Structure formats: C-alpha cells, structure tokens
Amino acid sequence: MEHILILGGTGEASALAAAVAERGLTATLSYAGRTANPRAQPIPVRVGGFGGVAGLERYVRDHRVTHLIDATHPFAATMSAHAVAAAQAAGVPLLALTRPAWQPLPGDRWHGVPDIAAAVTALSGPARRVMLALGRMHVETFAAQPQHRYLLRFVDSPDVPPALPDHRLVVDRGPFTVEGDMRLMQEHGIDLIVCKNAGGTGAEAKIVAARRLGLPVLMIDRPFIPARATVHEIGEVMDWLGHSAHEPAHLGV
Ligand code: NAP
C-alpha cells in the first residue's frame, strides 16, 4: 500500500492533503511547527523537524513512505535540499509541488535582490515607511536598518515583540485582497514593499496592490534548490501518483 509523505506548511500542501484524502489515499502531512494554530487537516499530521537528512531518511524507512512530495514554501531551501538527499538515500521517488515565480508586469517597479542580506543592504539610506512582507522569519535582521518605520504582518501574535525600534504590527492570516492591501499600504503611508518571490496567488495581493499604487518593491529572489522533478498543479501530482484527477470516480458502470 502507498504511504505518501507531504512536506507542508503552504496552501498548496493543504490543497494536496484534501485531494489525497478525497481519493482515500494513505498520506501524512508534515509541518515544521512554526505556527501556533495550523489549519485542521483531513489526513494525519506530524509536527517538527526530522533531524536533518539522516532523520528524514529514517522516517521514510520506518514509516514505509512510498512517495515523498515536497510542497514546502519555495524559500524553505534547507528542507527541500534535505528531501532531495533523503529520497535518494532511501530510494523513494520525490516530486516537488511548487508555484511558478512571479514575473514583473507593466507598471511594476521591482528591484531584485538575491537574498535577505542584500535586501537589508539595499535599505541603507534615509528613513522610509517599509512594508516588510516576509512573515515572522528574518524580521530581526532588519534591525540593522533601524531608521525606517516598518509595517509587519504576522499570522500569529508574537510572544516577544519584534526588535525593530519603529514598527507597526498587523496580525492577520488572510486571505488578503488587492483592495485590502491597497488600503493597508495607504493607511500606513507605505513607500516601499519588501517581499520574497513566493509566486502563486495566495500572497499575490500585495504585489498587485503595489503595482496599482505605483509603489516600488524590493523583490527577493528564490534560493537555490538542487534539481528535482517539479510540478505546479495538484492534477499533475495525482498523475504522478497514478491516480489521475480526471479519472471518473466510478468505472465500469
Ligand atoms: P527551512 O529553512 O528549509 O527548514 C529548516 C528546518 O525546519 C529543516 O531542516 C527541518 O528540520 C524543518 N522543517 C522545515 N519544513 C518542514 C516540514 N514541512 N516538516 C518537518 N520539518 C520541517 O524551512 P523554513 O524556511 O524555516 O520553513 C519552515 C516551514 O514554514 C516550512 O514548512 C515552509 O513550507 C513554511 N513556510 C516557509 C516560508 C518561508 O518564507 N521560508 C513561508 C511560508 C511558509 P530538520 O532538519 O530537523 O528536519
């Protein structure tokens, strides 16, 4: 029998969990455990790191995982690299379900930077009102540019206030709309957005809002991930699993 291990923490992983549950496949969804209240899921969930490549390989063997699907965020580069190495070591097939990167459209004022450190450096200069749309991670790094007023948006209230001297914090897990994000940017007088090139529609509202308001965006490029088979649609995952989403539910009637 199959046992599909889905590495999650994204909307895509939740959508995939729903799709495999609907087909009655045996699957487990894995979370890193970063958020306090993850969404309820229709398949069993495990939480926490595996303990590096060796730990993931052990988990795969011990739980007789037959298919590994990496549906982590495109910036979860360590987990994705571990998945490539562990799948190879354990001899199980790996598929990545990921969103295509966003591409600039007419009207976009993007300035691309290779990573977080480069984004911090690019913020040297006079005080601005910056929307730091990076989630909770890496926020502290921006304390190196304390002159700005930062607008932060987190999924959960932090236990410890962010160490940025001048910031405003919004707790909201979305879904976000273009109109809502435009309003937020205007209310806070934002003149620069810093974000990761996450791709997909879930996090897109802010860049559409920036385009409509003519605001510049410091766009952080995706990190390097070793080569692996990659798809963008749930249906393609189902094809890979041998359970095409297009198959009629009742055969031979
Ligand atoms: P990361 O830097 O690639 O991973 C760091 C460590 O966290 C991994 O080595 C692994 O620990 C553990 N880990 C990560 N994802 C895991 C998963 N799905 N199940 C079990 N352990 C996991 O990852 P990250 O950037 O911190 O992201 C953590 C989680 O947040 C991921 O699930 C990701 O999909 C989600 N997320 C990330 C971002 C982002 O911008 N990075 C945005 C939205 C959501 P061990 O080595 O001990 O196995």
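An account of the accompanying structure is given in this report.

Analysis parameters
- Residues take numbers from 1 onward in each chain, read along the sequence in its written order.
- Where totals are concerned, whole chains, interfaces and linings use all residues; where local detail is concerned, this predicted model gives features only for residues with pLDDT of at least 70, and gives and counts side-chain atom pairs only at 80 or more.
- Neither water nor hydrogens contribute to the side-chain values; these are computed over all heavy atoms in the structure.
- Every case where a carboxyl oxygen of Asp or Glu lies within 4 Å of a side-chain nitrogen of Lys or Arg is listed as a salt bridge.
- Secondary structure counts use DSSP, requiring at least four H or I residues in a row for a helix and at least two E residues in a row for a strand, with both numbered from the N terminus.
- Only protein chains enter the accessibility calculation, which uses a 1.4 Å probe. A residue is then buried if its area is under 20% of the maximum for its type, exposed if over 50%, and partly exposed in between.
- Any two strands with at least two DSSP-identified bridges between them are counted as paired.
- Structural elements are reduced to axes, namely lines fitted to C-alpha atoms, with helices fitted over the stretch in contact, and the angle between N-to-C directions of any two is expressed from 0 to 180 degrees.
- In what follows, a contact means two residues having at least one pair of non-hydrogen atoms within 4.5 Å.
- A helix's residues, less one, multiplied by 1.5 Å, set its expected span.

### A word on the pattern of salt bridges
Consideration 1: Counted according to the given criterion, the structure contains ten salt bridges.
Consideration 2: Asp-166 is the partner of Arg-149 in a salt bridge, and the nearest nitrogen-oxygen pair spans 3.2 Å. Of this pair, Arg-149 sits in strand 8 (residues 149-154) while Asp-166 is found in the loop between strand 8 and strand 9 (167-171), placing the two residues 17 residues apart along the sequence.
Consideration 3: On the basis of relative accessibility, which here comes to 24%, the residue Asp-166 falls in the partly exposed class.
Consideration 4: For Arg-212, the salt bridge identified is with Glu-179, shortest N-O distance 3.7 Å. A residue pair is termed long-range when its members are at least 10 positions apart, and Arg-212 in helix 6 (residues 205-213) and Glu-179 in helix 5 (residues 178-187) qualify at 33 residues.
Consideration 5: Overall, Arg-212 belongs to the exposed group, its relative accessible area being 51%.
Consideration 6: Within the structure, one salt-bridge network assembled from shared partners comprises Arg-149, Asp-166 and Arg-168.

### What to know about the sheet that holds strand 10 (residues 192-196)
In a beta sheet, neighbouring strands are held together by backbone hydrogen bonds and run either parallel or antiparallel to one another.
Consideration 1: A sheet is described by the order of its strands in space; here six strands give the open sequence 6-11-10-7-8-9, paired in parallel fashion. Of all strands in the sheet, those bounded by a partner on one side alone are strand 6 (109-113) and strand 9. Pairs of neighbouring strands in the sheet enclose a mean axial angle of 20°, with direction left out of account.
Consideration 2: Here strand 6 pairs with strand 11 (residues 216-220) via five bridges, running parallel. If you follow His-111 over to strand 11, its bridge partner there is Leu-218.
Consideration 3: Lying on the sheet, helix 5 is in contact with strand 7 (129-133), strand 8, strand 9 and strand 10; it crosses strand 8 at an angle near 150°.

### Comments concerning helix 1 (residues 11-22)
Consideration 1: Between the first and last C-alpha of helix 1 there are 17 Å, a value that for twelve residues agrees with the 16 Å anticipated at 1.5 Å per step.
Consideration 2: Buried within helix 1 are the following residues: Ala-13, Ser-14, Leu-16, Ala-17, Ala-19 and Val-20.
Consideration 3: For helix 1, the elements touching its buried residues are strand 1 (4-7), strand 2 (27-31), strand 4 (67-70), strand 5 (94-97) and helix 7 (234-241).

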